[in-house]
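Residues per chain are reported as follows:
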Amino acid sequence: MNKFIDELISKSGVAISNGKDQPPLAKLLLEYGYTPERLATGEGLWSKASSLNIAQHKENGEQLAATKALNRSIDAAHAVYMPHLKVARVAFRDDVTYWTQLALKGKRKKSQSGWLGQTKVFYTNLLADEVALEKMAVFGQTREKLEAGHQLVLVAEENLAIRKKEMGEAQDATKARDKAIDELQDWYSDYIEIARLALAEQPQYLEMMGIISPS
């Protein structure tokens, strides 16, 4: 898809520019209704599509960067969280209340939002309970260590929000780009068909417009 779009922008840019700026071509095209104003319309469609294509690439790049940052932050938080979780399962082995409050039971969720929910429940409820903190401290997990783990989770949460924002912006940019590309393609298709007629006796002009004559 991206290759098609890049080729369309490149080919249509050459065809429109030369059809407008080369007097011999412009004269022949004028006989088929392609006035300077009509060519300016095509140039405007090309400019819009080109700009939106550049913007889409930028937004897509920012989305990919946000995804990488999110994955790194989750990996960093998870590496600290899992030892804390395992210690908590030992510290509260026989305490059903804490197993519920700290979401200790079961496997960790695979989805990013699910994982985030479990880790936030764990750290938020643990750090708010002095008795629980004392039990964790028995196994060397001080408040400071647990707060550091919590901060890593908060960074991951922030990066998840950023990634969602970038995804939305990338999707919007893609929709806008694709709409502009469709409009350019429609205009360009008619333009090329007419140019083949207008320049049929001038193959060198067809070549200037990037049109390959059918064999």
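Just above, that's the structure.
The structure contained in this document is the topic of the report that follows.

1. Focus on the overall build of the chain
The number of helices and strands found in the chain is eight helices and zero strands. Of the regular secondary structure in the chain, the N- to C-terminal order runs α-α-α-α-α-α-α-α. Its C-alpha radius of gyration of 30 Å places the chain more than 25% over the 17 Å reference for a compact globule of 215 residues. Once the C-alpha set of the chain is aligned to its principal axes, its extents read approximately 90 × 30 × 20 Å. A buried classification covers 37% of the 215 residues belonging to the chain. A total of about 12300 Å² of accessible surface is found on the chain, and carbon and sulfur atoms cover 57% of it. Looking at the chain, you have 28 positive and 29 negative side-chain charges, and the mean spots of the two groups are 10 Å apart.

2. Re a nonpolar patch on the surface
A grouping of V90, V138 and F139 is seen on the molecular surface, where their side chains present a nonpolar patch of about 280 Å² in accessible area. With respect to the helices and strands, V90 occurs in helix α3 (residues 36–91).

3. Digging into the packing of aromatic side chains
Enumeration over the complete set of coordinates arrives at seven aromatic pairs. With a centroid separation of 6.1 Å and an interplanar angle of 55°, the aromatic rings of Y81 and Y123 are classed as tilted. Pair noted here: Y81 is in helix α3 and Y123 is in helix α5 (residues 112–127), with a separation of 42 residues, a long-range link. Of the two residues, Y81 and Y123, neither departs from the other in class, the shared state being buried. Ring centres of F122 and Y123 lie 5.0 Å apart, and the angle between their planes is 80°; this geometry places the pair in the edge-to-face category. F122 gets classed as buried once you look at its relative accessible area, which sits at 0%. Aromatic rings pair up to connect Y34, W187 and Y191 into one cluster. Just above the ring of Y34 sits the side chain of R38; from NZ or CZ to the centre is 4.1 Å.

4. Some thoughts on the packing of helix α1 (residues 2–21) against helix α2 (residues 23–30)
It is the contact of α1 with α2, at a shortest axis distance of 5 Å, that shows an interaxial angle of 90°. Looking at the two axes, α1 sits roughly perpendicular to α2. For the pair formed by α1 and α2, the contact residues are N18, G19, K20 and D21 on the first element and P23, L25, A26 and L29 on the second. Within the contact of α1 with α2, the residues separate by chemical class into four nonpolar, two polar and two charged.

5. Looking at the nonpolar core
Judged by nonpolar contacts, the single largest core of 26 residues is most densely connected at F92, W115, F122, L126 and M136. Of all the elements in the fold, those that place two or more residues in this core are α3, α5, α6 (130–137) and α7 (143–198). With nine residues, the top contributor of residues to this core is α3. With 25 residues, the next largest nonpolar core counts I5, I16, L29 and W187 among its residues.

Here is what the cut-offs are and how they apply
- Residues numbered from 1 in each chain as written.
- Predicted model: local features only at pLDDT ≥ 70, side-chain atom pairs only at ≥ 80, totals over all residues.
- Heavy atoms only, no water.
- Helix = DSSP H or I, 4+ residues; strand = E, 2+ residues; numbered from the N terminus.
- Rg over C-alpha atoms; globule rule 2.2 N^0.38 Å.
- Buried < 20%, exposed > 50% of the residue type's maximum accessible area, 1.4 Å probe, protein only.
- Areas by Shrake-Rupley, 256 points an atom, 1.4 Å probe, with all protein chains shown as cover.
- Lys, Arg positive; Asp, Glu negative; His and termini not counted.
- Charge placed at Lys NZ, Arg CZ, Asp CG, Glu CD.
- Patch = residues over 30% accessible without salt bridge, like charges linked within 9 Å, V, L, I, M, F, W, Y side chains within 5 Å.
- Salt bridge = Lys/Arg side-chain N within 4 Å of Asp/Glu carboxyl O.
- Phe/Tyr/Trp six-rings, centres within 6.5 Å; stacked < 30°, edge-to-face > 60°.
- Lys NZ or Arg CZ within 6 Å of the ring centre and 35° of its normal.
- Axes fitted to C-alpha atoms, helices over the stretch in contact; angles between N-to-C directions.
- Parallel < 35°, antiparallel > 145°, perpendicular 65-115°, else oblique.
- Contact = heavy atoms within 4.5 Å.
- Nonpolar A, V, L, I, M, F, W, Y, C, P; charged D, E, K, R; others polar.
- Core = buried A, V, L, I, M, F, W, Y, C linked by side-chain atoms within 4.5 Å.

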